[in-house]
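Examining the three-dimensional arrangement
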Amino acid sequence: MLKIWGRISSINVRKVVLCAQMLNIPFQRMDAGLSFGVVHTPEYLLLNPNAMVPTIQDGAYTLWESNAIVRYLCARENRLYPSDLHTRFTAEQWMDWQQTSLNRASGPAFVQWIRTPESQRNHDLIAQSVAATEPLLDLLNQRLQQHAFVAGEHMSMADLPIACEVHRWWGLPLPRPTWPHLERWYAQWLALPASRGVLDLPLS
């Protein structure tokens, strides 16, 4: 059985759990990271020398980095992994965008609102994060106006990490612009049974 190391409160762990559930892969998830500890133990560091989550064990094979794990599982199951080269690398492009652009922009607002006591919050950081994130979500809304899914007309591995990112942003106590195409796309995710236990969880 696939083993997933990491606490479900982590957006990166949620990506992997959502992917496994979408692909109907049986898995066992072990809490690790933050208050759960584990990640600095010698045993875990042999699996992931970065002392971060998630990490998976697929039999004798170990892999870390959330988007790499999503790619691997989709390729392993030959589902949500585009066979067309151009579509595949469009999916890769948007997965990289999620990690290097959207996540970096949105992260400070999440940390301040959810993981920082109210008396210690830096509202300037929140404002900067919102100002950086909203144009990116507007870009995603424009993309989804043109295509049913992120990489094209069919759901792919690219939709998984971005769905988790939208879940995190939607969970913040912030007013947001109307993004009808993004909202249409995300509503499809919330209707999927595979999203249970991931996209319906409160942030923490």
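The structure this text deals with has already been given above.
My aim in this report is to walk through the structure given alongside it, one point at a time. Please read all numbers here as calculations on a predicted model, not as lab measurements.

1. Section: the side chain of asparagine 141
Note on placement: asparagine 141 falls in helix α5 (residues 123-146). On the basis of relative accessible area, asparagine 141 is assigned to the buried category, the value being 8%. A polar side-chain atom of asparagine 141 sits 2.9 Å from the main-chain amide nitrogen of histidine 181. At 3.0 Å, the side chain of asparagine 141 forms a polar contact with the backbone nitrogen of leucine 182. Those residues within four positions of asparagine 141 in sequence are excluded, and the remaining contacts are Trp179, Pro180, His181 and Leu182.

2. Some details on the pattern of salt bridges
Overall, the coordinates contain 6 salt bridges when judged by the stated rule. One salt-bridge network, held together by shared partners, links Asp58, Arg76 and Glu77.

3. Notes on the environment of threonine 87
As for its position among the elements, threonine 87 is in helix α4 (residues 85-115). The class for threonine 87 is partly exposed, based on a relative accessible area of 30%. Sequence-wise, threonine 87 and serine 204 are 117 residues apart; in three dimensions their C-alpha atoms are separated by 34 Å. When residues no more than four places from it in sequence are discounted, the contact partners of threonine 87 are Pro82 and Ala151.

Rules behind the numbers
- Residues numbered from 1 in each chain as written.
- Predicted model: local features only at pLDDT ≥ 70, side-chain atom pairs only at ≥ 80, totals over all residues.
- Heavy atoms only, no water.
- Helix = DSSP H or I, 4+ residues; strand = E, 2+ residues; numbered from the N terminus.
- Buried < 20%, exposed > 50% of the residue type's maximum accessible area, 1.4 Å probe, protein only.
- Polar contact = N/O pair within 3.5 Å; in protein donor to acceptor, adjacent residues only side chain to side chain.
- Contact = heavy atoms within 4.5 Å.
- Salt bridge = Lys/Arg side-chain N within 4 Å of Asp/Glu carboxyl O.

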